[in-house]
Amino acid sequence: MSTPPPGTPHPPLAGGAGGPAALRPLLSAVLDALREGALARGGPLPPGGPDAVTERLRELTLPVLPDTGTGAEEALRTLVRALAHGAADPADPLCVAHLHTPPLAVAVAADLAASALNPSMDSWDQAPAASALEAQVTRTLAAEVYPHAPAPDALVTTGGTESNHLALLLARERHGPVQLIHGANAHHSLPRAAWLLGLPEPVTVPAPAGVIDLAALDAALTDLHHPLLVAATAGTTDTGSIDPLPAIADLCARHHAELHIDASYGGPLLFSDVHRGRLDGLDRAQSVTLDLHKLGWQPAAAGLLAVPGTACLAPLGHQADYLNADDDTEAGLPDLLGRSLRTTRRPDILKTAATLRALGRQGLADLVDRTCAAARHLADLVEQTPGLELHDRPTITTVLFRPTGATDDDIAAVRRTLLTQGSAVLGRARADGRLWLKATVLNPHTTPHDLQALLSLLPLPAPTSLPEGSSHR
């Protein structure tokens, strides 16, 4: 093992009173590299496809572990510029494939502070203020979901997958081996969680129109043995559809089944007076999944699982002497270990707290409303463009469309061509038995010009003369 020469200074730390002075020049290098990488990329995605991107990155970043280090500023300039150059940038209005949000600058800045301070949220003595902040913010957000509950609460998670897993775990601890009933439109993490937890095989209810078929759900609830947990969705990944939540809650009450709602995508509609009515019935669920790194513009990860009362979380209680010894808890030190299945975890709530304080309810509502309006405008443009077909009007911010007469293979090829060119990042979704191009509009800065530019990249069929009385399907 090589030894640094005598007198070599130790690398500076990010924390303490001296940390900011050490960070300042490094942040300047990072910010410059981010800008240079984005300019060099020149679009939403690096051109050339996987092989070209991998080769460019290898040329810039090898060796990974040199014998002699290059220094902090050079390492940051090189690696950050290479990563930015090769990024799929959700801040580019033509990057609209996934529920992959462009994060707000205030949230990213707060995330820097979280990394520098590096609290670990598994014991109070590692995170005194961060644990108090997490309690305040999670209870505030849970009250948005459960405005009439006496003590609503929420856990911080890594996203919808972990939240859905926890929801099924809590239901199992309340009732034993519950059987999950979910729509064909549900997120894949729900049946996967049932498998991971050793629960009975889930029952899938048809969703032919993109939402749970109520008659089929009623029949399933009638035929199956208890205990039962119904999972509804408020914002599907394919179309952004919202299940009929009040009617589903009524069926659950009639059949004595519990209800979980996966509102990973649609949950932030609660901030908007214009759109919150789409989530009527949300507060009738025993648990609700939220994901603020989707429509909340947070850097990942920013998930939550909301429940109507703190007592609902009691099954997660866990004891480890070095973290929450009984005598410490009895003496008044908060017990944090039951707030997650993870042990070491970041103070991810800080970026959300900064966003809530900086923007307030009105600022968040404006972002939600503007983004939903941009999706509606994209749908208008599709309807007005000869040679394009719209699947349906957007429920939240997802728009499905396709060139008229295209085959599924054509749709897949168009998407991959745009990716390889680096000109646009569109998703794909299957609906009504066909493959569609998917635009998930999440950038509140998107303009009508941006949306028109997106559609202009698509190969449209040449106009044809049809016999009188005939039409394209």
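Residues numbered from 1 in each chain as written. Predicted model: local features only at pLDDT ≥ 70, side-chain atom pairs only at ≥ 80, totals over all residues. Heavy atoms only, no water.

## Digging into the nonpolar core
- L217, V230, L259, I261, L282 and V288 are the most contacted members of the largest nonpolar core, which totals 53 residues.
- When sequence neighbours within four positions are dropped, the list of residues in contact with V288 reads V145, Y146, H260, I261, A263, L282, L304, L305 and A306.
- Grouped together as the second largest cluster of nonpolar side chains are 27 residues, V96, L390, I411 and V414 included. (Core = buried A, V, L, I, M, F, W, Y, C linked by side-chain atoms within 4.5 Å. Buried < 20%, exposed > 50% of the residue type's maximum accessible area, 1.4 Å probe, protein only. Contact = heavy atoms within 4.5 Å.)

## Observations regarding the pattern of salt bridges
- Within this structure, the stated rule accounts for 21 salt bridges.
- As a salt-bridge pair, E134 and R345 come within 2.9 Å of each other at their nearest N and O atoms. Placement of E134 in helix α5 (residues 128–145) and of R345 in the loop between α11 (326–330) and α12 (349–384) is noted, with a sequence separation of 211 residues between them.
- Overall, R345 belongs to the buried group, its relative accessible area being 4%.
- One salt bridge connects D348 with K351, and the closest N-O pair in it is separated by 3.4 Å. For the pair D348 and K351, one class covers both residues: buried.
- The network of salt bridges with common partners includes D111, R346, D348 and K351. (Salt bridge = Lys/Arg side-chain N within 4 Å of Asp/Glu carboxyl O. Helix = DSSP H or I, 4+ residues; strand = E, 2+ residues; numbered from the N terminus.)

## Structural notes on the sheet that holds strand β11 (residues 434–440)
- If you trace the 4 strands from one edge of the open sheet to the other, you get β8-β9-β11-β10, paired in antiparallel fashion. Lying at the two open borders of the sheet, with one neighbouring strand each, are β8 (388–390) and β10 (427–431). Across the sheet, the mean angle from the axis of one strand to that of its neighbour is 45°, orientation sign disregarded.
- Relative to strand β9 (residues 398–403), β8 runs antiparallel, the two sharing 3 bridges. (Pairing = 2+ DSSP bridges. Axes fitted to C-alpha atoms, helices over the stretch in contact; angles between N-to-C directions.)

Nothing here speaks to function; it is all geometry.
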